[in-house]
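Secondary and tertiary structure notes
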Amino acid sequence: MKRVFWYFLALLLVMGAGNQFVFAANQPSTLVIAAPADVRILDPAVNFDNASWRQTYVGYDRLVQYDGSSTRLKPMLAESWEVSKDAKVYTFKLRKDARFHDGTVVDAKAVKFSFDRLKKIGKGPSEAFAPLKEVQVVDQFTVRFILDYPFGPFLSTLATNGASIVNPRVMEFEKDGDLGQAYLADRMMGSGPYKIKEWVRDQRLVLEANNDYWGGRPRIQQVIIRIVPESSAQRMMLLKGEVDIAEGILIDQYAKLRNEPNVTVFEAPSQLTNIVYMNNKRPPLNNPKVRQALSYAVDYQGIIKHVLQGNATQMRGPIPRGMWGYDENLLQYKYDPAKARRLLAEAGYPNGFKLKIMYADRVPTWEQEVLALQASFAEIGVKLEPELYAWPTLREKVDRADFDLSMGIWSPDYADPYMFMHYWFHSSNQGLSGNRAFYKNEKVDALLEQAAMSPSQQERIRLYQQAQRMIIEEPPYIFLYQRNFLLPMSKRVKGFVFNPMLENIYNLQNMSLE
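Residues numbered from 1 in each chain as written. Predicted model: local features only at pLDDT ≥ 70, side-chain atom pairs only at ≥ 80, totals over all residues. Heavy atoms only, no water.

1. Remarks on the side chain of Gln292
Structurally, Gln292 can be placed in helix H9 (residues 288-296). A residue is classified by how much of its surface remains accessible, and Gln292, at 15% relative accessible area, is buried. (Helix = DSSP H or I, 4+ residues; strand = E, 2+ residues; numbered from the N terminus. Buried < 20%, exposed > 50% of the residue type's maximum accessible area, 1.4 Å probe, protein only.)

Given below as structure tokens:
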């Protein structure tokens, strides 16, 4: 009945959203994207997931940006920069022709305001800037960043969504000292190539081009992000030409889509990882042997073959293949139910126990993966009860440690293993900031802190690999797989460039439609 309900709901959205949106995909300057779920917060100092960044990344500018599909950095608002010999002072020269959407000049004061605001709010996005001590205005178009200590990934952090430059005029809308958070929850005050035209929650969000953008007038003048929860409805809309990009189509439908004359399936290697959060605070998951047992109970290759149709690679510890610091010799858990049962008996649970696992419809394959886990865990005496939540609710419960197990997804914001190691395992990041297993190991903390401060990549690799060997012996998470990036789209979409650091984020200003 649930599937029937969602199917008819999707049809109602198609028919009821208004004819201008149903047929918008036929217009040469309007791109229509079908997304499985809506976002909740747009403030770049607050939001911490790629679904929100789809909008904010094109609504705001940053000092630097990734160069196409590579992890190399190139100028954005900063025309050039210099780094001191001790790697603690970064000085940026700003371009002089950038304007916020209201016409205000983007200057050094705006840059300082944005980072001061980010640090004061102190939510998830600010964690990337822990080493940042102070931002100084040198002159109108020169700004200086001073760090407490050398931080290898610092330049790359400036390409993240949290480093978006916000119009200081947001303070005109401050309430009760919130620094404009309530106002920016559903608005954007940036200088990017797009701005919000309309947002009807759980139906559609419409972006319109900023035709005064310093980087040039975008060829795509309007972007409609339609909320379509059901995979089959998205597929139908893509085939009919009612949407141009479908983000939520189940992977088992891709083979047929590849044979459609007007559809292409974009595919590229990804750093997008899927893991299971195990709440290390809650018995019996506070016992490392129990976590080992569950790690051995998973049929990894079965999930990859049957659920993901082979479009993924099993993880070998926390740093994914393709990221420097990856350890080919690290222990990789394999499907071994007999060993899992022995470990449970050693932990004092010969007859197993019950656990609940949370998931959301944000990832189309999660329901099938949860069912696969349920079947595997049953073989070792662990009864797994699935719990479906709305994406925002799931995230809130994870942040409060109000769960046993939860499906999880993560992709790096910049090309550095810090994004996995420090976020996932340092005890200071417990909650949505990154350490969603609520893992704590003081020796691991010390290694991660040393790695973050070292200017030597080889030394950092050594430290990260040492930490990984400790972590894998008491796994806080079940390390499932890293996906291939797959995106079905109309063949009329041109110029899309995938960057593995920017999962589900589009280079809209450089795209066009035939």
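More follows now that the structure is in view.
2. Some points on the pattern of salt bridges
Taken as a whole and assessed by the stated rule, the structure comprises 23 salt bridges. Between Glu346 and Lys289 there is a salt bridge, with the nearest N and O atoms lying 3.0 Å from each other. Of the two residues, Glu346 sits in helix H11 (residues 337-346) while Lys289 sits in helix H9, which places them 57 residues apart along the sequence. The partner of Arg460 in a salt bridge is Asp416, and the shortest N-O contact between them spans 2.8 Å. One end of the pair, Arg460, is in helix H16 (residues 457-472); the other, Asp416, is in the loop between strand S16 (405-410) and helix H14 (418-425), with 44 residues separating them in the sequence. In this structure, a network of salt bridges that share partners links the residues Arg282, Lys397, Arg400, Asp402 and Asp404. (Salt bridge = Lys/Arg side-chain N within 4 Å of Asp/Glu carboxyl O.)

3. Examining the sheet that holds strand S5 (residues 89-94)
Reading across the sheet, the 4 strands line up as S4-S5-S7-S6 and stay open at both edges, with antiparallel pairing between neighbours. Two strands close off the open sheet at either side, each with one partner strand: strand S4 (78-83) and strand S6 (132-139). Here the average twist between neighbouring strands, direction ignored, is 20°. Two strands pair when backbone bridges link them, and S4 and S5 are joined in this way by 5 bridges, in the antiparallel orientation. Paired with Val83 across the strands is Tyr90, a residue of S5. Against the sheet, helix H4 (residues 108-121) makes contact with S5, S6 and strand S7 (142-147), and its axis sits at roughly 165° relative to S6, the strand it touches most. (Pairing = 2+ DSSP bridges. Axes fitted to C-alpha atoms, helices over the stretch in contact; angles between N-to-C directions. Contact = heavy atoms within 4.5 Å.)

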